[in-house]
Amino acid sequence: DQQVKQNSPSLSVQEGRISILNCDYTNSMFDYFLWYKKYPAEGPTFLISISSIKDKNEDGRFTVFLNKSAKHLSLHIVPSQPGDSAVYFCAAIPTSYGKLTFGQGTILTVHP
Amino acid sequence: GAGVSQSPRYKVAKRGRDVALRCDSISGHVTLYWYRQTLGQGSEVLTYSQSDAQRDKSGRPSGRFSAERPERSVSTLKIQRTEQGDSAVYLCASSLIGGNPYNEQFFGPGTRLTVL
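Please read these numbers as outputs of a predicted model, since none were measured by experiment. (Residues numbered from 1 in each chain as written. Chains lettered and ligands numbered in written order. Predicted model: local features only at pLDDT ≥ 70, side-chain atom pairs only at ≥ 80, totals over all residues. Heavy atoms only, no water.)

Caption draft 1: Region of interest: the interface of chain B and chain A. Taken together, the contacts link 20 residues of chain B with 20 residues of chain A. Both faces combined, the contact of chain B with chain A buries some 1,700 Å², and carbon together with sulfur accounts for 59% of it. At the surface where chain B touches chain A, the tally comes to 0 salt bridges. At the boundary of chain B with chain A, the tally comes to 2 residue pairs in polar contact (both at pLDDT 80 or more). At the level of secondary structure, the elements contributing two or more residues to the side of chain B that touches chain A comprise β4 (31-38) and β5 (42-49) of chain B. The greatest single-element share of the side of chain B that touches chain A, amounting to 4 residues, is contributed by β5(B). For the side of chain B that touches chain A, a count of residues per class yields 9 nonpolar, 9 polar and 2 charged. (Contact = heavy atoms within 4.5 Å. Buried area = accessible area lost by both parts, 1.4 Å probe. Salt bridge = Lys/Arg side-chain N within 4 Å of Asp/Glu carboxyl O. Polar contact = N/O pair within 3.5 Å; in protein donor to acceptor, adjacent residues only side chain to side chain. Helix = DSSP H or I, 4+ residues; strand = E, 2+ residues; numbered from the N terminus. Nonpolar A, V, L, I, M, F, W, Y, C, P; charged D, E, K, R; others polar.)

Caption draft 2: Layout of the sheet that holds strand β7 (residues 62-67) of chain A. All names here are of chain A. Pairing is antiparallel in the open sheet, where 5 strands are placed in the order β1-β3-β8-β7-β6. This sheet does not close on itself; its edge strands, each paired only once, are β1 (4-5) and β6 (56-59). Here 6 bridges tie strand β3 (residues 19-25) to strand β8 (residues 72-77), and the two strands are oriented antiparallel to one another. Counted as the bridge partner of I20 is H76 from β8. (Pairing = 2+ DSSP bridges.)

Caption draft 3: Representation of the pattern of salt bridges. Residues and elements named next belong to chain B. Tallied over the entire structure, the rule returns 7 salt bridges over all chains. For R22, the salt bridge is made with D24, and the minimal N-O distance between the two is 2.7 Å. We classify D24 as partly exposed; its relative accessible area is 22%. A salt bridge links R64 to D86, with the nearest nitrogen and oxygen atoms 2.8 Å apart. Pair noted here: R64 is in the loop between β6 (57-58) and β7 (65-71) and D86 is in the loop between β8 (74-79) and β9 (88-95), with a separation of 22 residues, a long-range link. Each member of the pair, R64 together with D86, is buried. Each of R36, R64, E83 and D86 takes part in salt bridges that share partners, so that together they form one network. (Buried < 20%, exposed > 50% of the residue type's maximum accessible area, 1.4 Å probe, protein only.)

Caption draft 4: Region of interest: the nonpolar core. Ranked by internal contacts, the top residues of the largest apolar core, which has 23 residues, are A:F33, A:W35, A:L73, A:L75 and A:Y88. Secondary structure elements with two or more residues in this core: β3, β4 (32-38), β5 (45-51), β7, β8, β9 (86-93) and β11 (106-111) of chain A. Counting residues in each nonpolar core, the second largest holds 18 residues, with B:A13, B:F65, B:A88 and B:L113 among its members. (Core = buried A, V, L, I, M, F, W, Y, C linked by side-chain atoms within 4.5 Å.)

Caption draft 5: Fine view of the state of the cysteines. Summed over all chains, the structure comprises 2 disulfides over all chains. What pairs with A:C23 in a disulfide is A:C90, and their sulfur atoms sit 1.8 Å apart. Taking the sign of the S-S torsion, 55 degrees for the link of A:C23 and A:C90, the bridge is right-handed. Taken together, the residues span a long stretch of sequence, with A:C23 in strand β3 and A:C90 in strand β9 at a distance of 67 residues. By the burial criterion, A:C23 is buried, and A:C90 matches it. With a sulfur-sulfur separation of 1.8 Å, B:C23 is cross-linked through a disulfide to B:C92. An S-S torsion of about -65 degrees defines the bridge between B:C23 and B:C92 as left-handed. Note that B:C23 is positioned in strand β3 (residues 19-24) and B:C92 in strand β9, a separation of 69 residues in sequence. (Disulfide = S-S within 2.5 Å.)

Put into structure tokens, the structure is as follows:
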């Protein structure tokens, strides 16, 4: 039973355009959400997060949107750069319990 | 750098054998987590430990997985009687304070286990 799902295994975008990565969750106990970025042969690194009391959090080129009623979050990267090419994982956590549940990941490729 | 490291990076084991995977966390971090990431299926937490607890709290119902913490910044994940379904990437993560998601978890590069 996958509680966090990323239904798009891959996404290809042109440099300078917007990348939108999507994530759905089923567990209503999740109230904190994170995006991680992973390069080959490296561990995931934290990118951006959002608490369930917000619906948007922005950090430079990265914005995460949360739709609690739909149990959906998305990561927007604007403008996309070739260095953004990586695997992106969304993760969720109930604040009372520190363990992350990750989605399957989406491979983002940004073409020059 | 002083990040999280894991060894070995790759491990091949025959079905039924026991394996041990090592994680060296960041000095001063309190909580250590072990996650299992299966291709195309996301990840699940296997176990975690806080502070100096030598025996980790297992997040899985199966008794085949356990973790020990012989030193504050070292954890060893032990998988007994490996099964082919255990083939996955095992990620170790540490955080300064456990249980609080605002304390970022730092991940190691992972160990890719293949069970034949």
